[in-house]
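Chain by chain, the residues:
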Amino acid sequence: MHCSLINKSFEIAKKENRPALLTYTVAGDNTKKKSLEILFSISKYADICELGFPHNTPIADGGQIQTSAYRAIKNGIKIKEVFSIVSKFKKVKKKKPIILMGYYNMIYQFNENKFISKCKKSKVDGLIVVDLPHPENKNFALKCKKNKINFIQLVSPTTSKFRLRKIINDSHDMIYYISMLSTTGGKLKVSPKKIINEYQKIKKQNRSKNVVIGFGITEKSIKSLKKADGLVVGSAICEEITRSIKKRQNTVTNVTNIVRRLKNKIK
Amino acid sequence: MKLRKNIPLIDQHDKLGFWGGKFGGSFIPETLKKPVEDLTKEFQKLRKDKSFLKKRDFYFKNYIGTPTSFVKLKKLTDHLGGAQIWAKVVSEANGGAHKIYNATVHALICKAMGKKYIVGDTGAGYAGKMLSMAAKEFGLKCKIFMGAKDIKRQKPNCQAMRKNGAEIIPVYSGSQTLVDAVSECMRYWVSNCDNTHMCVGSTVGPNIFVKICGWSTTQISRELKIQLKDKFKKFPKKIKLINCVGGGSSAYGFWSEFIDYDKNQIELIGVEAGGPQKSKLHAAPLSRNAKIGILHGAASYVCQNNEGQIQETESISAGLDYPGVSPLHCLLKDTKRARYTHATDEDALNAYRIIKKFEKLNPSLEPSHAFAEAIKIAPKLSKDTVIIVNSCGDARKDKDILKKRLGKY
């Protein structure tokens, strides 16, 4: 899987001596059309785009992403339309990796195999399933691998050494390190130095894996975590969408501005 | 799918925590893996630890007040003119409902693990009230997550929680009921699992929480087994155990010691919340054939749409107003050991009115659902049939609703 688009994106960033920037937005937030426009626009600056397929009982998400998810569902987003957003995006941006992110019930109801084949057809590059941890995810991750889709394992500050080794063993090109004990969008309650320390422990186990850090990263803190292979910003973006809608401003412009500023800070 | 004999149902799961290969499990974010594993190990240790069991029995006896009484509802039986109707008056337990068993055990575990903070969810407010009581008893700091809609409709229990020194965190997301309270409580635990213990208020949630809760409420059927032998010279040949089912903690506790019996001798009947007569919404995933889905860390029958979004529920009884149900009950349904049905809001209110008219019992809206089924089937049954209803909650908390709907309380 070494030629995966995800791997390539990390290679490009490394050559430029910076971490890869990963964004997270919710498909259908606040409409199908708008979320695709946002995706196109921010992909100028983002190296990898995570796209959430929203669920109405998101147990690991904080207020900002919950708001985006509820808004998208209220505006009628369906799982099939999430795939069509990806297809439309990939037709134009062939080399930009897309990672779908969500909760397992949505995949379970759609049917695992059907979900994976839909991913393949619409050219999804990777998958993050928040509530399908290791080792429960082994079979599903293997199915993804067979279909050349990256299954992204999550690691958190509570992950034991023993588990860490096993998770890394079963991981594909990318590993997602959760910066702290928190839902998404929490205030960064751990020092960046400590986060990087923990991050290094994962890297030490296997240098070839790309490890990204996420949860609680904002314009303020992103620079201090520059040493990582990649950094994920989600809640700060979702919050901007909410703010722009409230102020009746252009969400596409405002969100793009944030992503551009984030990118400039890690260059 | 088969039930095994002589093994508690809570222990009949596979390595990954699934009952019958597909119900339960632990669908949790990575951050919760470690605290859930720690809790699992601790519980495995404690349930075999003699001094812990002694402590549990001491608090069950002296703090909760066991056994709760087992009485014949003579006037109701005469009025209906069929099967004998009995009640296990679990609402006599300290605090007024079965939720005290699980809350007390969780507080004891929290203490044993050296944690000072305990959090929990609540719908009817009983799980919250009991957890706040247990927290006070054991010197723990307590936060209770409760839907804003439930805070409004279950005021007396909220007052009790605050009096016990617990902080109530109102939840405004989604339908503002139990389902959202559980989500928010889990989110809080994700962020604070290093120093906080979480109590799930029913036999739902990740595998270990189903087990702890079931292990706690089993006390009900342990008592009933002895009481049955006391009251009847010969063990009755036809028994029907009727219990309301929301998450299913009181029903599991009421049935657990009787699951190995032949179903022709002891029938288990679960009554879910059918919601208002005129509404399409309900909270009856088992009896209205919902599909299997994943909610709050476990697979079970769940009220949901085709996409997998969790559906809003509606019931007059906050304690039953939940879209999912215990994986234990899913297994009992699929193996046909238990039969599940539902009663509407109106059925439950009517049952409450009848019980009040004939007996000195004051069942809350949750067990009123079970009484509705008892009242429905009793006249058609023979006099040697013994119907036992678990009157698992007291109606004081429903004062406002009952006044509004029946004109008096």
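Residues numbered from 1 in each chain as written. Chains lettered and ligands numbered in written order. Predicted model: local features only at pLDDT ≥ 70, side-chain atom pairs only at ≥ 80, totals over all residues.

The next point concerns the overall build of chain A. Looking only at helices and strands, one finds eleven helices and nine strands in chain A. Taking 267 residues into account, the globule formula puts the C-alpha radius of gyration at 18 Å, and chain A, at 17 Å, falls close to it. Dimensions of chain A, computed from the C-alpha atoms along their principal axes, are close to 45 × 40 × 35 Å. Burial analysis of chain A (267 residues in total) assigns 52% to the buried set. Within chain A, counting contacts between residues at least 6 apart in sequence, those at least 24 apart form 72% of the total. (Helix = DSSP H or I, 4+ residues; strand = E, 2+ residues; numbered from the N terminus. Rg over C-alpha atoms; globule rule 2.2 N^0.38 Å. Buried ≥ 20, exposed ≤ 12 C-beta atoms within 10 Å, placed from the backbone. Contact = placed C-beta atoms within 7 Å.)

What follows deals with the sheet that holds strand β10 (residues 266-273) of chain B. Hydrogen bonding along the main chain pairs the strands of a sheet, whether they run parallel or antiparallel. Residues and elements named next belong to chain B. With respect to topology, six strands assemble into an open sheet ordered β3-β4-β14-β9-β10-β13, the strand pairing being mixed. Looking at strand neighbours, the two that pair on one side only are β3 (70-72) and β13 (338-343), the edges of this open sheet. Averaged over all adjacent pairs, the angle separating strand axes in this sheet is 25°, with direction ignored. Pairing of β3 with strand β4 (residues 84-88) involves three bridges; the strand directions are antiparallel. Considered in β4, the bridge of F70 is made with K88. The strands touched by helix α10 (residues 219-231) within the sheet are β3, β4 and β14 (385-390), with β3 carrying the most contacts at an inclination of about 50°. (Pairing = 2+ DSSP bridges. Axes fitted to C-alpha atoms, helices over the stretch in contact; angles between N-to-C directions.)

This part takes up the interface of chain A and chain B. Taken together, the contacts link 31 residues of chain A with 31 residues of chain B. At the level of secondary structure, the elements contributing two or more residues to the side of chain A that touches chain B comprise α3 (63-74), α5 (104-110) and β6 (153-155) of chain A. At five residues, the largest contribution of residues to the side of chain A that touches chain B is made by α5(A). Tallied by class, the residues present in the side of chain A that touches chain B amount to 14 nonpolar, 13 polar and four charged. (Nonpolar A, V, L, I, M, F, W, Y, C, P; charged D, E, K, R; others polar.)

Residue and element names in this part refer to chain A. Burial analysis of strand β1 (residues 20-26) places seven of its seven residues in the buried class, which makes it a mostly covered element. Residues A20, L22, Y24 and V26 of β1 are buried on one face, and the alternating residues L21, T23 and T25, pointing to the opposite face, are buried as well. Strand direction decides the pairing type here: β1 and strand β9 (residues 230-233), joined by four bridges, are parallel. Its bridge partner lying in β9, A20 is registered against G230. Where β1 meets strand β2 (residues 48-52), five bridges bridge the pair, whose relative direction is parallel.

So, on to the nonpolar core. In terms of nonpolar packing, the biggest core is built from 215 residues, with A:L127, A:V212, A:L231, B:L131, B:L241 and B:I387 touching the most fellow members. Per-element accounting of this core gives the leading share, eight residues, to helix α8 (residues 178-192) of chain B. Among the domains, domain 1 (30-60 + 98-214) and domain 2 (66-96 + 219-406) of chain B are the pair contributing at least three residues each to this core. If near-sequence neighbours (up to four positions away) are discounted, B:L241 is found in contact with B:F254, B:W255, B:F258, B:I266, B:L268, B:I269 and B:I388. (Core = buried A, V, L, I, M, F, W, Y, C linked by C-beta atoms within 7 Å. Domains from an automatic or database assignment.)

This paragraph deals with the pairing of strand β6 (residues 141-147) of chain B. Residues and elements named next belong to chain B. Most of β6 is tucked away: six of the seven residues are buried. After leaving strand β5 (residues 117-122), the chain enters helix α5 (residues 126-138) and then returns to the sheet as β6, a path that is right-handed. In the sheet, β6 pairs with strand β7 (residues 167-171) via five bridges, with the strands oriented parallel. Note that in β7 the partner of K143 across the bridge is E167. (Right-handed = clockwise from strand over helix to strand, strands pointing away.)

All names here are of chain B. Read across the open sheet, the four strands follow the order β7-β6-β5-β8; overall the sheet is parallel. Both edges of this open sheet fall to β7 and β8 (196-199), since each of them pairs with a single strand only. Strand-to-strand twist in this sheet, taken as the mean axis angle between neighbours without regard to direction, amounts to 25°. Sitting on the sheet, helix α4 (residues 99-112) touches β5 and β8, and the angle it makes with β8 is about 160°.

To continue, consider the confidence of the model for chain B. For chain B, mean pLDDT is 97; residues scoring 70 or higher make up 100% of the total. Confidence metrics for the complex model read pTM 0.97 and ipTM 0.96. (pLDDT = per-residue confidence, 0-100.)

Here we take up the packing of helix α10 (residues 235-246) of chain A against helix α11 (residues 251-266) of chain A. Residues and elements named next belong to chain A. For the pair α10 and α11, interaxial distance at closest approach is 9 Å and the crossing angle is 150°. Crossing of α10 against α11: the hand is right-handed. Each of A236, I237, E240, I241, S244 and I245 in α10 lies in contact with α11, whose residues at this interface are T251, N254, V255 and I258. Its residues assigned to classes, the contact of α10 with α11 shows six nonpolar, three polar and one charged. (Left-handed = near helix turned anticlockwise from the far one by under 90°.)

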